[in-house]
Number of protein chains: 2
Amino acid sequence: VSNGAALPSSVERLIEALSRLPGVGPRTAERLAFHLLRTPEPEALALAGAISAMRANTRPCAVCGHVSDEERCRICRDTSRDLGLLCVVEEALDLVAIERTGAFRGCYHVLNGALSPMSGIGPGQLRMKELFERIDAAAEGSPVREVIIATNPSPEGDVTLLYLQERLSAKVPSITSMARGLPFGADLQYADAVTILRSLEERRGVE
Amino acid sequence: VSNGAALPSSVERLIEALSRLPGVGPRTAERLAFHLLRTPEPEALALAGAISAMRANTRPCAVCGHVSDEERCRICRDTSRDLGLLCVVEEALDLVAIERTGAFRGCYHVLNGALSPMSGIGPGQLRMKELFERIDAAAEGSPVREVIIATNPSPEGDVTLLYLQERLSAKVPSITSMARGLPFGADLQYADAVTILRSLEERRGVE
């Protein structure tokens, strides 16, 4: 953003910091900065404080890698969760999306990404070792019965799924993946060919 | 956003603070919060610091009302500016948009809004008194030759334009408005530089 000499440097620095956020272009950053300038001071400082507080008060859960305020996250601390059912996700936001359904009572493992040979992301860059160690350790107490591999329906997600299937098949009785098909509320005529193909291939009997 | 028990309270508070920003819905706020969680700590804290620093280091310019880091803003401090040519804008962002053309060498006056009888915004809610006093004070030294009323091409902007024309016609030799190259209903601050430039060049006397 070139504002010439029109803006104080502190405003320009905020515009610059805001435009580093994903999906925020220079004009949006400018609008957001001016909003934070005009809004009552406590509201602007609350946002600044919330960023610092989040960084100070969170860390990855020592068990599953989800964002947490203690050594173990709220889900891993929840004794009503089924330790034998493990859902593997790429990102913590995927976990949040599944939790929003309220239907899953197992535990999670966050990989922090997906395998991508093209981008040089191998198993060592992800929380793979932690997953294998966790499953091995559980075998002696409450063993994992099923691993649901909930990676994204993308080339990277599929590579990750195949890798995990190969590495886990000897350790875990049941390895499943999320069903692929038409999303609820979508129009069949607007679905892409790959989605339609998968939906046809994995069609079910109507009961 | 209902995340159930899935997220630490510090993350939920940040999502809440982010979703108060204009144009940021709950899902975008969630994405931004997780970006700020994963990004290197200095970058996240730089954003928090930039917000606080901007609030601590800026104030309205005592002359024109533009955002400033000193008593008078950079434009009002610039001695090469033409004090006899005054451009009245609704918002500081409109000023920034005009400055971006690099074509205007006069001074500004920021009203902090437009007249809107429907919303109960009268002259007393805007920086009108400051404008009139400023023009009166200038009359004794370097009088204002021309006032360009660069309000938005909107009903509120037009009401403001007519009010200013009426109030200023006895004080200022020439009162002009931005040429209507701007499409009706658009916001000046989103217009491209060429459109703004043409509107400046083709400004007309208000009759």
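Predicted model, so just to flag it, every value in this text is computed and none were measured.

Here is what the cut-offs are and how they apply
- Residues numbered from 1 in each chain as written.
- Chains lettered and ligands numbered in written order.
- Predicted model: local features only at pLDDT ≥ 70, side-chain atom pairs only at ≥ 80, totals over all residues.
- Heavy atoms only, no water.
- 1 Å grid on protein atoms, 1.4 Å probe; cavity = no way out; pocket = protein on both sides within 12 Å on 5 of 7 lines; lining within 4 Å.
- Points joined across faces, edges and corners; volume = space filled by probe spheres on them.
- Helix = DSSP H or I, 4+ residues; strand = E, 2+ residues; numbered from the N terminus.
- Nonpolar A, V, L, I, M, F, W, Y, C, P; charged D, E, K, R; others polar.
- Contact = heavy atoms within 4.5 Å.
- Buried area = accessible area lost by both parts, 1.4 Å probe.
- Salt bridge = Lys/Arg side-chain N within 4 Å of Asp/Glu carboxyl O.
- Polar contact = N/O pair within 3.5 Å; in protein donor to acceptor, adjacent residues only side chain to side chain.
- Buried < 20%, exposed > 50% of the residue type's maximum accessible area, 1.4 Å probe, protein only.
- Pairing = 2+ DSSP bridges.
- Axes fitted to C-alpha atoms, helices over the stretch in contact; angles between N-to-C directions.

A. Spatial organisation of the layout of surface pockets. All names here are of chain A. Its boundaries defined by the atoms lining it, the largest pocket holds a volume of some 440 Å³. Thr151, Asn152, Pro153, Ala179 and Arg180 are the residues nearest the centre of the largest pocket, which is lined by 19 residues in total. Looking at the lining of the largest pocket, the elements with two or more residues in it are α5 (92–101), α7 (155–168) and α8 (193–201). A breakdown of the residues in the lining of the largest pocket according to their chemical character gives 9 nonpolar, 5 polar and 5 charged.

B. Spotlight on empty space enclosed by the protein. All told, the structure shown has 4 cavities of 30 Å³ or more when counted by the stated rule. Estimated volume of the largest cavity: approximately 50 Å³. Lining the largest cavity we find Arg27, Glu30 and Arg31 of chain A together with Leu93, Gln189 and Tyr190 of chain B.

C. Local environment of the interface of chain A and chain B. The partner chain B presents 59 residues to the 57 residues of chain A that form the contact. Between chain A and chain B, the buried area comes to about 5200 Å², and carbon and sulfur atoms account for 67% of it. Inspection of the chain A/chain B interface yields 4 salt bridges. With a closest N to O distance of 2.9 Å, glutamate 91 of chain B and arginine 38 of chain A form a salt bridge. Taken together, the links from chain A to chain B amount to 12 residue pairs in polar contact (both at pLDDT 80 or more). Looking at the side of chain A that touches chain B, the elements that each hand over two or more residues are α1 (9–18), α2 (26–38), α3 (41–57), β2 (67–68), α4 (74–77) and α5 of chain A. No other element matches α3 of chain A, which puts 13 residues into the side of chain A that touches chain B.

D. Spatial organisation of the environment of isoleucine 149 of chain A. Residue and element names in this part refer to chain A. Topologically, isoleucine 149 is positioned in strand β5 (residues 146–149). Judged by its relative accessible area of 2%, isoleucine 149 is buried. Each C-alpha atom, one on isoleucine 149 and one on leucine 162, is 9.5 Å from the other, the two residues being 13 residues apart in sequence. Residue contacts for isoleucine 149: discarding those within four places in its chain leaves Val88, Leu161, Leu164, Gln165, Ile175, Thr176, Ser177 and Met178.

E. Geometry of the sheet that holds β5 of chain A. Residue and element names in this part refer to chain A. In spatial order, the strands read β4-β3-β5-β6; together these 4 strands make up an open sheet with parallel pairing. Edge positions in the open sheet fall to β4 (106–110) and β6 (174–177), since each of these has one partner strand only. Here the strands of the sheet are splayed against their neighbours by 25° on average, with no regard to which way each runs. Bridging between strand β3 (residues 82–89) and β4 involves 5 bridges; their strand directions are parallel. Bridge pairing in β4 places valine 89 opposite valine 110. Along the sheet, helix α6 (residues 128–139) contacts β3, β4 and β5; its crossing angle with β4, the most-contacted strand, is approximately 150°. Packing of α7 onto the sheet brings it into contact with β3, β5 and β6, and relative to β5 it is tilted by some 165°.

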